[in-house]
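# Observations on the model geometry
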Amino acid sequence: MKQFDYVRPGTITEAVAAAAQPGAVYLAAGTNLLDLMKGGVSRPDRLVDVTHLEGLDQIETLADGSLRIGALVRNADLAHDADFARSYPAVAEALLSGASAQLRNAATVGGNLLQRTRCAYFYDTASRCNKREPGSGCDASDGENRGHAVLGWSESCIATHPSDFCVPLVALDAIVEIEGRTGRREIALDELHRLPGDAPERESVLEPGDLIVAVRLPPAARGFAAHARYLKVRERTSYAFAVVSAAAALRIENGRIAEARLALGGVAAKPWRARAAEDVLRNVAPTADAFQEAAWRALADAKPSGDNAFKIELARRIVVRALLLAAAGTPARLPALPASPFASTSGAIHA
Amino acid sequence: MPELNLTSAPAHLRHGSNIGQPLTRRDGVLKVTGRATYAADNHPPGMLFAAMAVSSIARGRVVSLDVAAAKRHPGVVDVMTPDHKPALAIDPDIKTNPFVFRMEVLQSSEVRYANQPIAVVIAETLEAATEGAALLAPRYEVLPALVGLDAGESYVPPVVGVGNPAEHHHGDVEAGLASAEKQIEAVYETPPQYHNAMEPHAIVASWDGDHLSVDMPTQGLMLSLARIAELFGITHDKIHIRSPFLGGGFGSKGLMAGPPTLGIMAAKLVGRPVKLVLRREQMYGPVGHRAPTRQRLRLGADGEGRLTALDHHARTVSSTFDDFYEPAADASHTLYAAPAIRTSHDAVRVNTGTPLFMRAPGEATGSIALESAIDEVAWACGMDPLAFRLKNYAEVEPISGKPFSSKALRACYEKGATRFGWAKRPLQPRQMRDDAGLLVGWGMGTATFPALMFQAEARAAIRRDGSGVMEIGAHDMGQGAWTALAQIAADAVGLDVDRVEFKAGTSDLPDAGIAGGSAHTATAGAAIHSAGAAVIARLADLATTDERSPLFGAGNAGVIARDGRLIRRDDESRSESYAEILARAGVAEIEARGTGAPNPAAMEEYAMHAHGAVFAEVKVDPELGQVRVTRMVGAFAAGRIVNPRMVQSQLFGGMIWGLSFALHEEAITDRRSGRIMNANLGEYHIPVNADVPPLDVITVEEHDPHVNALGIKGVGEIGITGSAGAVANAVWHATGVRVRRFPIRIEELLTQL
């Protein structure tokens, strides 16, 4: 494979300086990056290994009730943290529905946010891809694209963001803490990922050298713990990306929805917050009709980018189902098959 | 195999004969402790690493390769290209026998499919070889790729599968359809599938003068040896192939393919040992696959649900440069009695690596279509699918009219249905729901696979210490040959399994035939059985003709071999141990050879097949269209069962392949470029554990005196047949939606639920 420099900075400041150089990328668990390098999709000149940086692997509750998750916390460790799973059940469920047990043991919180699309044309270096090679064209748009985006896509790119974890996070107004050349700043997760527009190669608002150091869930995120679910339709029960997924979280007071949160996965180049749908659910009874209305609102702007019109209908239905499940209440125990429509099936014996 | 110590496992307890005992894998301890040496684990001194560069276009020509850039890369030793390669002794495109397929070994700059090898970079490290291959940066002259089942003019292939006629006629199909009370016509599509063995194709090749040493997983040691010999112009005795373990083959490692040949060429070019291991995506091209099919079935039935006609046509593809045709329609030859049966095939040529045998070639693809169609016609007749199948039970093989050598299919239906609870199945679809509101459906399919045999030879010996030796170049692909064949060997020489040194997996041993066609246990087992009998007969000669022996005068027929002793049949108090017989005779070792082969007279007289019945339950989410199999029961009759544990595993595996066929597996080909877009195990879906429900396998005893001396039929492939159709039929029964394109996808169900 291509020769590259490997550096292991001792401090965050050194890391940022090292990664700000052209051709440098951060390496955490490498569950995505190393595959991309082996396939010649990414050919960095320098890997900046951040896995040894101190203080980035903590889960801490802050004085104001926020939860701060260090960027190097492993996906599995976070999901299996009992306090975390109790307070943010949809996030734990999403984490456990992602990838495979082995990958979850390695993958980090920060890395999950910045994983690349699974568009086959992005991975196939013989194909044209505006994301991989700006201006070269998009072979997905007239290709095998049943899994591609139905929201927020552009003529130049129809890829989706594949994360499960990000979907409930964006619904819960997660905040991303970033250390950059000009110091520390924070942005809403919803603003981290960019829609493709005419520059699909720019997937996030991060600048060279920017390092995600933590993800924070604001105090209000705990308010949804009693009614929060993540649901994921996939083509096999584990180790498969979502065809479509949805995170639904409700705050129910006196039989009415005081506040709803809804986000979709697998439909766009970013985790898709459905605010218009949330709005119609404010202060109404949690009924199937209301959820149908919300589902129509959530997908109002959807249009197929290829052979994927079914994803729009599927997304509507999964929104309704996720909301119904959320309204019914978070299960006392995480389902044996997290995020699966079959989780409640008797006889489901697999974890 | 001096490096193998298969008796390191705890000694097996034996109760009576070895055959029939559920011994655990004798190679199991080696494997779970990482001491089983697979081909790519070998590192002879001075070894270099080779990496293939493969074509990213499906059709055209390589115009240039930047060999200089690759050679400049540190560690790169040489770059093998069409202009720089060792000469072969014969043109690799000449088909010297029907089991020779054309391969790409850098004959020219022409490109015939995506992922075709176009150069090999040889380097001191794998990393350097890989980067060298990337630096070749090929430029191409690109021609439009031929892709898909409608890529061009269709034609009728001369033969399908292995030498089967492309068309069969029996009775008047059109008249049968015209007279039918109920008719169905339906078109089913199956996708390209790839073997995806866990172990990629790999070779470590070392030349010493004109002697060649090869570590390579193969399902066919002697076929590979013969192919290497003719390609490199050396005699068989100068080639040594070691293949003690395969990490799966499924048909893709049966015949010598291009990539391992390139490994041998590379070793010759650089004069050092070379290792070449395919990357996962490189297995989607030069090492075979299951071709896609489009099958049209027309069935007619009379007022009582008897088939009046069965017409099965299959369209498939082959490569532009060679011929292999998935014999899908042939699945309709044996299962159901009909006065008129027609099977036919046609094909188009596409830019693909040549399709090849993949677990149950023809039977798997044909079975899912036939079993779906049988379900459709049963429904048209208002009949229970099992009742319909019993009504059309073939008492003799339908087209040939031959009686079956044995056929316990009725018992399979009965036992499977009882275990599954089939009697409670509502006739109408979409009648059952579980507590959670999920749709529940039950479906079934009949399984069938021919009982084949090839040619094999074995050498047996009894040593002075009373222990035995059995030598045969057999292949353990994970199916358990190290164990099951050793059990046959132990019985053949009348010893406990741990007292027989069972040697297999190398090319210097007698030819075991190919491990394919579900025929390996039968073929190799017959040779072992015959060699064992022969050596015991020689030992008996020594004893019964020696007046110092208690067996003197007993005659060959008068002794039996048991527990290391020859015993007078009519007086078991008179016996002598093997060691005593050989010691007195002053012989260090006594040996004999035996052969296994199909019996042409029996084949002329009988149709020979294994059978089974598979029952599946699925649950379908009524809004989301997601399907999950929740229960499967398979009952199989496959002659004598040598090792029930291995057989159960084989049948489990086959049923999982069937589930995978119905719901998961598909290679996605870009219709413009001809490239496979999901050539990795992340995106080419096979089931994970959580997709596989509790499986229940019943084996139905069958005594078959005709198939071979041991009565073995083989279980390697039958499990996939029947199972795929059972799942598909269960999806229909759950939903009322008949999906005819496989794998069944969410979008097909979503809009119709």
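Our structure is the block above this text.
This text gives an overview of the structure that appears in the document.

Quick notes on the rules
- Residues numbered from 1 in each chain as written.
- Chains lettered and ligands numbered in written order.
- Predicted model: local features only at pLDDT ≥ 70, side-chain atom pairs only at ≥ 80, totals over all residues.
- Heavy atoms only, no water.
- Helix = DSSP H or I, 4+ residues; strand = E, 2+ residues; numbered from the N terminus.
- Expected span 1.5 Å × (residues − 1).
- Buried < 20%, exposed > 50% of the residue type's maximum accessible area, 1.4 Å probe, protein only.
- Axes fitted to C-alpha atoms, helices over the stretch in contact; angles between N-to-C directions.
- Parallel < 35°, antiparallel > 145°, perpendicular 65-115°, else oblique.
- Left-handed = near helix turned anticlockwise from the far one by under 90°.
- Contact = heavy atoms within 4.5 Å.
- Pairing = 2+ DSSP bridges.
- Core = buried A, V, L, I, M, F, W, Y, C linked by side-chain atoms within 4.5 Å.
- Buried area = accessible area lost by both parts, 1.4 Å probe.
- Salt bridge = Lys/Arg side-chain N within 4 Å of Asp/Glu carboxyl O.
- Polar contact = N/O pair within 3.5 Å; in protein donor to acceptor, adjacent residues only side chain to side chain.
- Nonpolar A, V, L, I, M, F, W, Y, C, P; charged D, E, K, R; others polar.

## Quick word on helix α6 (residues 258–270) of chain B
Every α-helix winds through 3.6 residues per turn, so residues three or four apart in the chain are directed the same way. Residue and element names in this part refer to chain B. Counted at 1.5 Å a residue, the expected span for α6 with its 13 residues is 18 Å, and the 18 Å between its end C-alpha atoms agrees. When you tally the buried positions in α6, you get 11 out of 13 residues, the bulk of the element. Inspection of α6 places G258, P259, P260, T261, L262, G263, I264, M265, A266, A267 and V270 among the buried residues, and these make up the whole buried set.

## Some words on the packing of helix α11 (residues 520–544) of chain B against helix α12 (residues 578–585) of chain B
Residue and element names in this part refer to chain B. Orientation of α11 relative to α12, taken along the N-to-C sense of each, is 60°, at an axis distance of 10 Å. Viewed along their axes, α11 and α12 adopt a mutual orientation that is oblique. Both α11 and α12 take part in a crossing whose hand is left-handed. In contact with I536, L539, L542 and A543 of α11, α12 contributes Y578, I581, L582 and A585.

## Here we look at the sheet that holds strand β26 (residues 589–596) of chain B
Backbone-to-backbone hydrogen bonds join strands into a sheet, with any given pair of strands oriented parallel or antiparallel. Residue and element names in this part refer to chain B. Spatial ordering of the open sheet is given by β22-β21-β20-β26, a layout of 4 strands whose pairing is mixed. Taken across any chain shown, the strands that pair with only one partner, and hence form the sheet edges, are β22 (500–503) and β26. Ignoring which end each strand starts from, the neighbouring axes of this sheet average 15° apart. Here strand β21 (residues 468–471) pairs with β22 via 4 bridges, running parallel. Bridging from a neighbouring strand, M470 pairs with F502 of β22. Sheet strands touched by helix α10 (residues 481–492): β21 and β22. Its angle to β22, the strand with the most contacts, is close to 135°. Running at roughly 145° to β26, α11 makes contact with β20 (456–463), β21, β22 and β26 of the sheet.

## Considering the nonpolar core
Note that soluble globular proteins tend to have their nonpolar side chains buried in a common cluster. Residue and element names in this part refer to chain B. Judged by nonpolar contacts, the single largest core of 84 residues is most densely connected at L299, V618 and M632. Not counting the four nearest positions on each side in its chain, M632 is found in contact with V614, F615, A616, M655, L659, P693, P694, L695, D696, S723 and V727. Core analysis: the next-biggest nonpolar cluster, separate from the first, contains 52 residues, I19, I488, A512 and L582 among them.

## Section: the interface of chain A and chain B
The partner chain B presents 42 residues to the 44 residues of chain A that form the contact. Carbon and sulfur atoms supply 52% of the area that chain A and chain B bury against each other, a total of about 3,700 Å² over both sides. Joining chain A to chain B, the criterion identifies 7 salt bridges. A salt bridge links A:D307 to B:R671, with the shortest nitrogen-to-oxygen separation between them at 3.2 Å. The interface formed by chain A and chain B contains 22 residue pairs in polar contact (both at pLDDT 80 or more). In terms of residue count, helix α12 (residues 309–328) of chain A provides more of the side of chain A that touches chain B than any other element does, 6 residues in total. Here the side of chain A that touches chain B is composed, by residue class, of 17 nonpolar, 10 polar and 17 charged.

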